[in-house]
Amino acid sequence: MDEVRVNDSRLRRHDAAFPAALGLLAAFALWLAVTRIYQVDEAQNLYMAKVIARGQVDTYFSNALLWMLGPLSWLIRSIEDSASLFLAMRLLFFGVFCLNVWLLAAATGVPLRSTQGRVALLGAATLAPLWDYGFEFRHDNLILAGLLLIWWLGRVRARGLGAFAAIGFLTAVLLFTAGKAFAYVLPLSGALALCSPIGCGRRLRLLAVWVGGVAAGVALALLAYWLSGLWDVFVAGLPGGGNPAEVMKIARFGPGMALARLPAQTPLLLGLAAGALLALGHGLLRERGRALAWDSYAPEAVLALGALGLLWVNPTPFPYNLVNVVPFLFLLGFRFAAPLCKDLRGPTLALAVGVVLFTHVVPFVMATWRHLDWPNDRQVRLMRAAEALTDPVRDPVYDGTGMVPTRESIGRQWLLHSLGMPAVLAGKVPSLAEMLARRPAPVLIRNYRAGWLPESDQRFIAEHYIPLADDFLVLGQVLPEGGGSYAVLHAGRYRVYGMADGGLRELPEAAVDGRPAGEQPVELVVGLREIRCPPDIEPVVLWVGPNLRGIPDLGAGDHRRLFVNWY
């Protein structure tokens with residue numbers, strides 16, 4: 001009787017420990033989703049979605065991807081400040097992150113309420129690469145959700161032909177999510193339709209149901225584009241679509257940069273996946289085709305090898321592509337290891353726990369904890385400063401990434417991208433100096449991409465902008481002692497300060513066009529304005545915008561750390 005009580009007590013402790021661990025992981029993930037530094041791709045995606053939401057596709061470049069239409073556009077139109085927009089997108093994709101963790105655990109095929117199911121959930125929730133990119137505002141996470149759902153429907157829950165109608169529908173919808181979804185979704189969906197044992201004796205009927213699902217998905221996507229009027233924009237954004245706004249030249253590189261992260265972040269996962277592939281190879285030598293049985297882990301091996309192959313042939317396999325590789329290595333490793341761990345007890349269980357602790361848990365903690373060193377507070381501060389210094393209708397803001405989506409940019413080629421720089425340097429698209437001369441932005445935010453600009457653009461910025469911080473500039477100029485002519489490029493409110501010991505001071509003696517400026521902002525129209533002050537003082541003209549009396553204190557800043565992609 002006492003032994004029964006002890007066992008019941010242990011079970012209750014285990015039952016309490018699992019939701020506590022999962023809750024702590026969820027809370028930490030939510031904290032990181034809210035506070036971690038934003039990536040340039042997130043800013044780009046949000047700005048493109050904003051262009052679609054506000055009907056500006058004739059003014060600014062955008063890819064009209066299906067996931068950017070409808071509800072996302074409604075959300076963007078309902079939020080008026082950039083920081084809240086970024087936060088809303090992160091919270092939305094935190095939900096996608098949680099969904100992907102659940103789908104990944106469910107795709108292992110074990111009941112989630114069982115001990116193995118809990119292990120699957122905790123394992124899926126502690127894959128470090130998913131914490132690097134899994135709650136970012138990017139289509140890769142939506143593709144992963146679709147792939148996992150397709151796999152769950154076709155491999156785990158395939159109980160009738162209706163599952164393949166859903167698989168076909170998902171396949172079609174995902175094809176409009178991103179160009180590279182074609183390479184992931186269509187082979188997986190087609191292979192399940194051709195190889196699933198459900199189709200034995202009725203393969204043609206299964207394929208017909210699958211094709212019907214595809215047709216329904218295509219019809220829904222086309223209806224969405226017809227209602228929004230964005231089909232031409234979507235086609236133009238495809239490779240070879242002829243969109244003149246994006247002249248990209250792909251510079252190929254290998255997957256080493258991405259794969260090099262895995263030995264430190266997921267050593268246990270690599271070991272299990274490698275062991276599964278070696279065991280499968282041994283089985284093929286001994287049993288030939290029988291080793292590829294549907295009820296073995298061979299389908300997961302094909303899935304993982306396919307994901308690795310797609311990473312290999314990807315011309316630009318940036319590390320975020322691991323989002324669509326690591327989960328499938330997890331499925332392979334779990335399906336291989338789960339039967340081997342059923343009877344772990346006593347010393348063998350202790351050994352397994354120790355191995356998992358130092359080859360999975362510790363690497364996960366070390367890889368994930370580093371995100372706390374990269375908060376987004378600087379980015380949020382600059383977003384708010386840019387909005388305080390500008391009018392949402394009259395005053396553009398430029399940063400080359402779309403960091404301030406509540407403000408207009410300076411031209412169709414608003415995006416400064418590494419793949420587009422050859423076209424910029426070759427003069428195939430307007431230079432930044434030309435765009436700023438045509439439509440001056442009162443606020444210019446610098447990031448690491450500013451270093452790519454040619455000398456002519458750098459010179460234009462130096463001549464017409466003054467840094468309030470290393471990463472934040474406004475229209476203005478330092479004039480000679482006693483004053484001189486200032487060419488106003490953009491009409492609005494300015495302040496005249498005096499230069500003193502490398503800093504700025506109030507200049508009550510300043511005059512603009514013969515009228516005292518005092519210590520208040522003055523409204524200047526486009527053209528030459530005469531600025532005068534005492535002969536021993538260098539006057540400084542600075543944009544202060546429609547709302548402020550003076551320039552904000554932004555600290556020193558560092559444009560190289562405003563966005564940091566692969567830390």
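From a predicted model like this one, the values you see are computed outputs, not experimental measurements.

Basis of the calculations
Residues numbered from 1 in each chain as written. Predicted model: local features only at pLDDT ≥ 70, side-chain atom pairs only at ≥ 80, totals over all residues. Heavy atoms only, no water. Helix = DSSP H or I, 4+ residues; strand = E, 2+ residues; numbered from the N terminus. Buried < 20%, exposed > 50% of the residue type's maximum accessible area, 1.4 Å probe, protein only. Contact = heavy atoms within 4.5 Å. Areas by Shrake-Rupley, 256 points an atom, 1.4 Å probe, with all protein chains shown as cover. Lys, Arg positive; Asp, Glu negative; His and termini not counted. Charge placed at Lys NZ, Arg CZ, Asp CG, Glu CD. Pairing = 2+ DSSP bridges. Patch = residues over 30% accessible without salt bridge, like charges linked within 9 Å, V, L, I, M, F, W, Y side chains within 5 Å. Salt bridge = Lys/Arg side-chain N within 4 Å of Asp/Glu carboxyl O. Core = buried A, V, L, I, M, F, W, Y, C linked by side-chain atoms within 4.5 Å. Phe/Tyr/Trp six-rings, centres within 6.5 Å; stacked < 30°, edge-to-face > 60°. Lys NZ or Arg CZ within 6 Å of the ring centre and 35° of its normal. Axes fitted to C-alpha atoms, helices over the stretch in contact; angles between N-to-C directions. Left-handed = near helix turned anticlockwise from the far one by under 90°. Nonpolar A, V, L, I, M, F, W, Y, C, P; charged D, E, K, R; others polar. Parallel < 35°, antiparallel > 145°, perpendicular 65-115°, else oblique.

S.K.: Can you lay out the overall build of the protein for me, pointing to particular residues and giving the numbers?
M.R.: When helices and strands are tallied, the protein shows 21 helices and 12 strands. For the protein, with 567 residues in total, the buried portion stands at 51%. Relative to all contacts within the protein whose residues are 6 or more apart in sequence, the contacts with residues 24 or more apart total 75%. Surface accessibility of the protein: about 25500 Å² in total, with carbon and sulfur atoms responsible for 64%. Treating the 50 positive side-chain charges of the protein as one cloud and the 43 negative ones as another, the clouds have centres 13 Å apart.

S.K.: Outline the sheet that holds strand 5 (residues 483-488), supporting the account with residue identities and numerical values.
M.R.: Strands pair in a sheet through their backbones, by hydrogen bonds, and they do so in one of two ways: parallel or antiparallel. Across the sheet, four strands lie side by side as 5-11-8-9; this open sheet has antiparallel pairing. Strands at the two margins of the open sheet, each flanked by one partner only, are strand 5 and strand 9 (515-516).

S.K.: How would you explain a nonpolar patch on the surface if you had to name every residue and give the values?
M.R.: Taken together, the side chains of Trp31, Val356, Leu357, Phe358, Val361, Val365, Trp369 and Leu372 define a hydrophobic patch exposed on the protein surface, amounting to about 760 Å² of accessible area. By secondary structure assignment, the location of Trp31 is in helix 1 (residues 2-35).

S.K.: How would you explain the side chain of Ser409 if you had to name every residue and give the values?
M.R.: Considering the arrangement of structural elements, one finds Ser409 in the loop between strand 1 (397-398) and helix 19 (421-425). In this view, Ser409 contacts Tyr47, Tyr60, Pro396, Val397, Tyr398, Trp414 and Arg439; residues no more than four positions away in its chain are not counted.

S.K.: Now, about the nonpolar core: what can you tell me, with residues and values included?
M.R.: Here is a general trend for soluble globular proteins: nonpolar side chains tend to be buried in one another's company. In this structure, Leu436, Ile445, Tyr465 and Phe472 are the most contacted members of the largest nonpolar core, which totals 94 residues. When residues in this core are grouped by element, the largest group, nine residues, is from helix 2 (residues 40-53). The contacts of Leu436, once residues within four sequence positions are left out, are Ile410, Ala441, Leu444, Phe460, Ile461 and Tyr465. Ranked by size, the runner-up nonpolar core spans 79 residues in total, among them Phe18, Leu103, Ala298 and Val323.

S.K.: With reference to specific residues and values, describe the pairing of strand 7 (residues 503-506).
M.R.: Across four bridges, strand 6 (residues 492-500) lies against strand 7 in antiparallel orientation. Pairing of Tyr497 across the sheet is with Glu506, part of strand 7. Hairpin geometry of strand 6 and strand 7 is characterised by an intervening segment of two residues between the two adjacent antiparallel strands and by a positive phi of about 55 degrees at Asp501.

S.K.: Summarise the pairing of strand 4 (residues 472-478); cite the residues concerned and give the values.
M.R.: In terms of burial, strand 4 is a largely internal element, five of the seven residues being buried. Sheet topology note: the strand 3 (residues 465-469)/strand 4 ladder contains four bridges and is antiparallel. Within strand 4, the residue paired with Tyr465 across the bridge is Leu475. Adjacent in sequence and paired antiparallel, strand 3 and strand 4 are bridged by two residues. Two strands pair when backbone bridges link them, and strand 4 and strand 12 (residues 539-543) are joined in this way by three bridges, in the antiparallel orientation. Of the residues in strand 12, the one forming a bridge with Gly476 is Leu542.

S.K.: Outline the packing of aromatic side chains, listing residues and values.
M.R.: Both the distance between ring centres and the angle between the ring planes are used here to describe each pair of aromatic rings. The full count for this structure, using the stated rule, is 30 aromatic pairs. Their ring planes at 85 degrees and their centres at 5.2 Å tell us that Phe93 and Phe137 sit as a pair that is edge-to-face. Here Phe93 is found in helix 4 (residues 82-106), whereas its partner Phe137 is found in the loop between helix 6 (128-133) and helix 7 (139-156), with 44 residues between them in sequence. Relative to Trp566, the ring of Phe318 lies with its centre 5.5 Å away and its plane at 15 degrees, an arrangement referred to as stacked. Of the two residues, Phe318 is situated in the loop between helix 15 (298-313) and helix 16 (326-337) and Trp566 in the segment after strand 12; the sequence distance between them amounts to 248 residues. Put simply, the rings of Phe28, Phe94, Phe97, Trp131, Phe135, Phe364 and Trp369 touch in pairs and so form one group of aromatic residues. Of note, Arg138 hangs over the ring of Tyr320, and the distance from its end group to the ring centre comes to 4.3 Å. A cation over a ring is seen here: Arg155 above Trp294, with NZ or CZ 5.0 Å from the ring centre.

S.K.: Now, about the packing of helix 8 (residues 162-175) against helix 10 (residues 203-228): what can you tell me, with residues and values included?
M.R.: Running from N to C, helix 8 and helix 10 point in directions that differ by 35 degrees, and their axes come no closer than 7 Å. The chirality of how helix 8 crosses helix 10 is right-handed. Mapping the contact onto sequence places Phe164, Ala165, Ile167, Gly168, Phe169, Thr171, Ala172 and Val173 in helix 8 and Leu206, Val209, Trp210, Gly213, Val214, Ala216, Gly217, Val218 and Leu220 in helix 10. Class assignment of the residues belonging to the contact of helix 8 with helix 10 gives a composition of 13 nonpolar, four polar and no charged.

S.K.: Let's hear about the packing of helix 4 against helix 7: which residues, and what values?
M.R.: Where helix 4 meets helix 7, the closest approach of the two axes is 9 Å, and the angle between their N-to-C directions is 25 degrees. The angle between the axes of helix 4 and helix 7 places the two elements in the roughly parallel class. Here helix 4 runs over helix 7; the crossing is left-handed. Across from Phe93, Val96, Leu99, Asn100, Leu103, Leu104 and Ala106 in helix 4, the residues of helix 7 making contact are Asn141, Leu142, Leu144, Ala145, Leu148, Leu149, Trp152 and Val156.

S.K.: Help me get a handle on unusual backbone geometry, residues and values and all.
M.R.: In this structure, Asp513 takes a positive phi of about 55 degrees despite not being glycine. Within the secondary structure, Asp513 sits in the loop between strand 8 (511-512) and strand 9. Among the residues examined, Asp513 registers a relative accessible area of 39% and is labelled partly exposed.

S.K.: If you had to explain the environment of Val110 to someone new, which residues and values would you point to?
M.R.: With respect to the helices and strands, the residue Val110 is situated in the loop between helix 4 and helix 5 (115-124). The sequence separation of Val110 and Val156 amounts to 46 residues, and the corresponding C-alpha distance is 9.0 Å.

S.K.: So what about the pattern of salt bridges? Which residues, and what values?
M.R.: One pass over the structure, following the stated rule, counts 19 salt bridges. The closest approach of N and O atoms between Asp471 and Arg378, which form a salt bridge, is 2.8 Å. Separated by 93 residues along the polypeptide, Asp471 in the loop between strand 3 and strand 4 and Arg378 in helix 18 (residues 377-388) bring together distant segments of the chain. Taken individually, Asp471 and Arg378 each receive the classification buried, so the pair is uniform in this respect. Among the charged side chains, a salt-bridge network with shared partners connects Arg36, Asp41, Glu136, Arg138, Asp140 and Lys180.

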